[in-house]
Amino acid sequence: MELREGLCKWPMGDPLDGGFAYCGADSGMGKVYCDAHCRIAYQPQNDRRRSG
């Protein structure tokens, strides 16, 4: 699969396996991953507050 701008580059499977591929779903221009994989890749930091 040729990865072009606007296609999701999320790796799928083992890179050493013959069936390895990238997601390839529409990611929109300027984004690396599709919406589903963005939710996995970019998670907000936990609010870390010290008690007492």
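Residues numbered from 1 in each chain as written. Predicted model: local features only at pLDDT ≥ 70, side-chain atom pairs only at ≥ 80, totals over all residues. Heavy atoms only, no water.

Here the focus is the side chain of histidine 37. Positionally, histidine 37 belongs in helix H1 (residues 35–41). Of the residues examined, histidine 37 reaches a relative accessible area of 11% and is grouped as buried. Residues within four places of histidine 37 in sequence aside, it is in contact with Cys8, Trp10, Met12 and Cys23. (Helix = DSSP H or I, 4+ residues; strand = E, 2+ residues; numbered from the N terminus. Buried < 20%, exposed > 50% of the residue type's maximum accessible area, 1.4 Å probe, protein only. Contact = heavy atoms within 4.5 Å.)

One pass over the full model with this rule turns up three aromatic pairs. Ring plane angle 75° and centroid distance 5.2 Å describe the contact between tryptophan 10 and tyrosine 33, whose orientation is recorded as edge-to-face. Of the two residues, tryptophan 10 is situated in the segment before strand S1 (11–12) and tyrosine 33 in the loop between strand S2 (21–22) and H1; the sequence distance between them amounts to 23 residues. With relative accessibility at 21%, the residue tryptophan 10 sits in the partly exposed group. A ring pair is formed by phenylalanine 20 and tyrosine 22, whose centres lie 5.2 Å apart and whose planes are at 75°; its orientation type is edge-to-face. (Phe/Tyr/Trp six-rings, centres within 6.5 Å; stacked < 30°, edge-to-face > 60°.)

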